[in-house]
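Letter by letter, the chains look like this.
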Amino acid sequence: MLRVFTVTIVVLIAIVALTGLGIVAVRLVRQARQRKRALLAAGPRRALLAFVADNGADGGHDLVALPDEAWQAAEAGALGLLGKLRGEAHAALVSVFLRRGTARAALRDLRSRSRVRRARAAQVLGDLEVRLAVPELCRLLTDRHGEVRVVAVRALGRIGDPTAAWRLIASLDQSDPLPSLLVTHTLAQLGPETEVTLSAALDHPEARVRAVCLDALGLLGAAGSVHRVARVLREDSTLDVRIAAAANLGRLGARTAIEPLTGAVGPGRPAPLRAAAARALGDLGTSAGVPALVALLGDDEYRVAHEAAHALRRLGRPGLDALRSVLDTEAAEMIAAGRGTHARPSSAAGHALEALSLASVGPDPGASPPGSGTLDELVAG
Amino acid sequence: LIIREILKVTDWAIFAYFVALNSGYLVLICMAGLEFGKHLRRAPFAGADDMFRSPLTLPVSVIVPAYNEGAGIVAALQAMTALRYPRYEIVVVDDGSTDDTFERLREQFDLVEVPRVVPGEVPYRTQVLSVHVARGNPETLTVVRKTNGGKSDALNVGINLARHPLVCMVDADSVLDPDALLSVAKPFGDDPLRVAACGGVVRIANGCKVIGGRVVDVRMPRQWLVRVQVVEYLRAFLMGRTGWSRLGGLVVISGAFGIFRRDLVVKIGGMAHDTIGEDAELVVRLHHYLRERREDYRVIFVAEPVSWSEAPSSLRVLGRQRRRWHRGIAEILRKHRRMIGNPRYGRIGLVALPYYVVFELLAPFIELAALVLLPLGLWIDAVNLEFAWRFALVAYGYGLLVSLVSLFIEEVSFHRYPRWSDLVRGVLAAVLENFGYRQILAAWQVTGAAGAWGGRQAIWGTMHRQGFDTAESLPLETAGRR
């Protein structure tokens, strides 16, 4: 048994020593790589900056003629620049990449066995906005590796081809789905032509798909889909989807959204939905929502009353007037009941007071300070 | 003879326990290594910038409980208000400070009192005295004054006043990396219907240079006591929790930096008042609630970027902290004992919580037992010297290997300590940890657990902060938590 121990100790010492050496080796290799890369990239980086500063008028040939090793060292910086440039400079830099054969190589790499190469290729094709790559990028939406799928989605968004919309939506309904936020953003980047596809996908059996499509419609400002979204708000079986529908009706900002949102704040609905609908009524920015919001100020659910008060605050003058009116009415009732003005305000007045106070201390005050929590200053005022 | 035999068997059992304990750590660390690889590969195209620009990004309420944090609160909040995140508010809950915490805030941020309806969505036991907002930016900063009631109570008041769907709990002395909030909130954007909570990494800030509320130069601390804690944090918090996250069994999210869906926190009743480990208890209760309802959910951990926090630099304060932590584990495991080994709670009930019982709660007891029984065995001749020294060398050598593998993975993945001298200090700290530190830690932990089982009153104590190496006035002598 002692022999087993001795062998174990020897093995342990060897592994400990190897791990220590490994730490040192990793650091040495990384530092050497960084130094080499910095050295190689210095010249091309200067040439690149001069090229884009000159809107690509001069220096393109020099960049195309750079040795591969030097270009590779500077390529990450050049790709980063692509995202920040617009107009002639962007087109000129894209042309440098194309002349260097980057797009051709990237298209080839989309079928590489290495997931890192596939992801990098998708990223490059997106940055270069190569429309030709859309079918291949759509194929990558079902890649077995998540990181590849993520990059493919982003690349499709950069390219902005609306034909990719249904493939993107389908990619949400798989066992290891894509990030919702990313797909939403990408769908919105594809432009208003996707509205029909998104609207149709509101009947998709998967709740997550419906939620993403709602958000994308909201981002697009697809006012033509208000009725479809309103139907989801009324009928969907998943609460989170209904909440998304309410939020996006507010974002769409159409007057026709008032009726479904007013219906959603009614009693009997789940409190989170009522709160979201109250907030959306404020986001609509129209005074037509004021009566419904005022009625919610005294709601038993704190979150509903709170959202209603702050929605009224965000509505500006008509909302603030309604809040003041709630306080006035309550003060008058207090006096009539002989309860004095130092009585604590009701829940509705409390929320109104809070919203008015916040409105008065913001960078652009829309109301005068209403007092410190009791109705006395209000009445005295 | 019987005693001799019993001691012999016990010594072997203890040896097997040490091997199992360190193997468990090694598995978690390897899992963490795989996770870091995935994280780093995805980082260039993970879409942090898209999230920052997207109007769909979920807004966050950052809740900062503060008790006598006057010396550092302004700098900490200045850093928090400069975080890179599209929409968030900060709710500072001044938990009855007896120093100038509130006055400093009022002066710096031009606070103005506003009437606020404080809901009772989660219970709190104390009285809210007043609510204030920053005059120029009332949507971003809210400061609540309340009577003293402890950290859980302060957090519950903050949760009640939080307006956004995500609540992030941050200690008042924490320094967050600029992208920290974006990083911990990102999983909620990626998988909004399933992610329930996300924990962030807490690293040790002692010795680091902090300028303008940012850690700009990461260095090893000056004291060996803190250097050992750096290695310990790497192994147990960074690697251990990442490993558990990958296994789907994360049960601890640090109260110093964690983010939760507010609606779920409200549904489970907010922070518990009856445990000192309120952060971990919240996560276990969240698991309990969601598993009972058979919900499809995820509790995850992100390894980068991080929140920086000051670690105890004296044995007295460290002892108090570790007694408290272990007491917290004991209380949580007792409170949720029905989950342990119960298949209804999936990996949490069958793997994570049993692991915590065997390898976290009991580990210091076994370590102390080994320290007593091995010499005893030698004395009564139950074990011979040859066995004893080999036993100790293998047990501690395996522990050292686990720490070194953690350092190796840190070097491959994040390499936060760029100086060669810091690397050497890290390796030496991993060796030194085995000589005295682990043993005294075990003694503190045992007294912590005994305190929980004996029903003694829990005490937070006072954390005398040394402050960071800073060009500006970050905490120099803050008296912190109760």
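In what follows, the structure referred to is the one given above.
Predicted, not measured: the structure shown is a model, and the values here were computed from it. (Residues numbered from 1 in each chain as written. Chains lettered and ligands numbered in written order. Predicted model: local features only at pLDDT ≥ 70, side-chain atom pairs only at ≥ 80, totals over all residues. Heavy atoms only, no water.)

Engineer: Just to check I follow, could you spell out the overall build of chain A for this structure?
Structural biologist: When helices and strands are counted, chain A shows 21 helices and zero strands. Taking 21 Å as the expected radius of gyration for a compact globule of 381 residues, we find that chain A reaches 30 Å, considerably beyond that expectation. Taking the principal axes of the C-alpha coordinates as reference, chain A spans close to 90 × 70 × 45 Å. Buried positions account for 53% of the 381 residues belonging to chain A. As displayed, chain A has an accessible area near 17,400 Å², and 56% of this comes from carbon and sulfur atoms. In chain A, 46 side chains carry a positive charge and 38 a negative one; their mean positions are 11 Å apart. (Helix = DSSP H or I, 4+ residues; strand = E, 2+ residues; numbered from the N terminus. Rg over C-alpha atoms; globule rule 2.2 N^0.38 Å. Buried < 20%, exposed > 50% of the residue type's maximum accessible area, 1.4 Å probe, protein only. Areas by Shrake-Rupley, 256 points an atom, 1.4 Å probe, with all protein chains shown as cover. Lys, Arg positive; Asp, Glu negative; His and termini not counted. Charge placed at Lys NZ, Arg CZ, Asp CG, Glu CD.)

Engineer: Whenever I open this one, the nonpolar core confuses me. Can you help?
Structural biologist: When a protein is soluble and globular, its nonpolar side chains tend to lie buried together. Within the largest apolar cluster, 168 residues are counted, with the highest numbers of intra-cluster contacts made by Val60, Val62 and Phe260 of chain B. In terms of residues, this core owes the most to one element, helix H13 (residues 385-413) of chain B, which gives 13 residues. Those residues in contact with Phe260 of chain B, other than ones at most four positions away along the chain, are Pro165, Leu166, Val167, Met169, Phe188, Ala196, Ala197, Ile253, Val265, Leu282, Val283 and Leu286 of chain B. Residues Ala119, Leu214, Val304 and Leu353 of chain A belong to the second largest nonpolar core, which totals 111 residues. (Core = buried A, V, L, I, M, F, W, Y, C linked by side-chain atoms within 4.5 Å. Contact = heavy atoms within 4.5 Å.)

Engineer: I tried to follow the sheet that holds strand S3 (residues 111-114) of chain B on my own but got confused; where do I start?
Structural biologist: Within a sheet, neighbouring strands are paired by backbone hydrogen bonds and run either parallel or antiparallel to one another. Residues and elements named next belong to chain B. Spatially, S3-S4-S5-S2-S1-S6-S11-S8-S12-S7 is the arrangement adopted by the 10 strands of the open sheet, whose pairing is mixed. Two strands lie at the open edges of the sheet, namely S3 and strand S7 (175-176), each paired on one side alone. Of the strands in this sheet, strand S1 (60-66), strand S2 (88-95), strand S5 (141-146) and strand S6 (166-170) touch helix H3 (residues 73-81), which is tilted by about 165 degrees from S2. Sheet contacts for helix H5 (residues 151-161): S1, S2, strand S4 (128-134), S5 and S6; angle to S2, the most-contacted strand, approximately 145 degrees. (Pairing = 2+ DSSP bridges. Axes fitted to C-alpha atoms, helices over the stretch in contact; angles between N-to-C directions.)

Engineer: Honestly, a nonpolar patch on the surface in this entry has me stumped. Any pointers?
Structural biologist: On the surface, Trp224, Val424, Leu428, Leu432 and Phe435 of chain B cluster together into a nonpolar patch covering about 500 Å² of accessible area. Since its relative accessible area comes to 47%, Val424 of chain B is described here as partly exposed. (Patch = residues over 30% accessible without salt bridge, like charges linked within 9 Å, V, L, I, M, F, W, Y side chains within 5 Å. Salt bridge = Lys/Arg side-chain N within 4 Å of Asp/Glu carboxyl O.)

Engineer: It is not clear to me how the pattern of salt bridges should be interpreted in this structure. Could you clarify?
Structural biologist: Pairs may arise between side chains of opposite charge once their charged atoms sit close together. If you walk through the whole model with that rule in mind, you get 49 salt bridges over all chains. Asp68 of chain A is the partner of Arg100 of chain A in a salt bridge, and the nearest nitrogen-oxygen pair spans 2.9 Å. Highlighted residues: Arg100 of chain A in the loop between helix H4 (87-99) and helix H5 (102-109) and Asp68 of chain A in helix H3 (residues 68-84), separated in sequence by 32 residues. According to the relative accessible area criterion, Arg100 of chain A is buried, its value standing at 19%. With a closest N to O distance of 3.0 Å, Lys151 of chain B and Asp171 of chain B form a salt bridge. A residue pair is termed long-range when its members are at least 10 positions apart, and Lys151 of chain B in helix H5 and Asp171 of chain B in the loop between S6 and S7 qualify at 20 residues. By relative accessible area, which is 6% here, Lys151 of chain B ends up buried. Each member of the salt-bridge network shares a partner with another, and the members are Asp203, Arg228, Arg231 and Glu235 of chain A.

Engineer: So what exactly am I meant to see when it comes to the packing of helix H1 (residues 2-42) of chain B against helix H11 (residues 346-361) of chain B here?
Structural biologist: Describing two packed helices takes the angle between their axes plus the distance from one axis to the other. Residue and element names in this part refer to chain B. Contact geometry for H1 and H11: axes closest at 10 Å, N-to-C directions at 120 degrees. Comparing their axes, H11 and H1 come out oblique. The hand of the H1/H11 crossing is left-handed. Facing Tyr17, Ala20, Leu21, Gly24, Tyr25 and Leu28 of H1, the residues of H11 in contact are Tyr355, Val358, Phe359 and Glu360. Each residue belonging to the contact of H1 with H11 can be placed in one class, and the counts come to eight nonpolar, one polar and one charged. (Parallel < 35°, antiparallel > 145°, perpendicular 65-115°, else oblique. Left-handed = near helix turned anticlockwise from the far one by under 90°. Nonpolar A, V, L, I, M, F, W, Y, C, P; charged D, E, K, R; others polar.)

Engineer: Help me understand the packing of aromatic side chains, please; the structure alone is not making it clear to me.
Structural biologist: One pair of aromatic rings is described through two measures. These are the centre distance and the angle between the planes. Counting across every chain of the model gives 19 aromatic pairs over all chains. The ring of Trp420 of chain B is capped by Arg27 of chain A, whose NZ or CZ atom sits 5.3 Å from the centre of that ring. Here Arg227 of chain B stacks its cationic end above the ring of Trp224 of chain B, 4.5 Å away from the centre of that ring. (Phe/Tyr/Trp six-rings, centres within 6.5 Å; stacked < 30°, edge-to-face > 60°. Lys NZ or Arg CZ within 6 Å of the ring centre and 35° of its normal.)

Engineer: Sorry, what's going on with the interface of chain B and chain A here?
Structural biologist: Interface size is commonly expressed as the accessible area that is lost once the parts come together. In this assembly, 59 residues from chain B lie in contact with 58 residues from chain A. Buried surface at the junction of chain B and chain A, summed over both partners, amounts to about 5,000 Å²; 68% is from carbon and sulfur atoms. In this structure, Arg303 of chain A engages Glu121 of chain B in a salt bridge whose closest nitrogen and oxygen atoms are separated by 3.2 Å. At the boundary of chain B and chain A, one finds 12 residue pairs in polar contact (both at pLDDT 80 or more). Those elements that place two or more of their residues in the side of chain B that touches chain A are H1, helix H2 (48-53), S3, helix H6 (180-190), H13 and helix H14 (420-454) of chain B. (Buried area = accessible area lost by both parts, 1.4 Å probe. Polar contact = N/O pair within 3.5 Å; in protein donor to acceptor, adjacent residues only side chain to side chain.)

Engineer: How should I be thinking about the packing of helix H10 (residues 315-335) of chain B against H11 of chain B in this particular structure?
Structural biologist: Residue and element names in this part refer to chain B. At their nearest, the axes of H10 and H11 sit 11 Å apart, and the two run at 145 degrees to each other. Considering only the axes of H10 and H11, their crossing is left-handed. Contact with H10, carried on its side by His326, Ile329, Ala330 and Leu333, involves Leu353, Tyr356, Val357, Glu360 and Leu361 of H11 and no other residues of that element.

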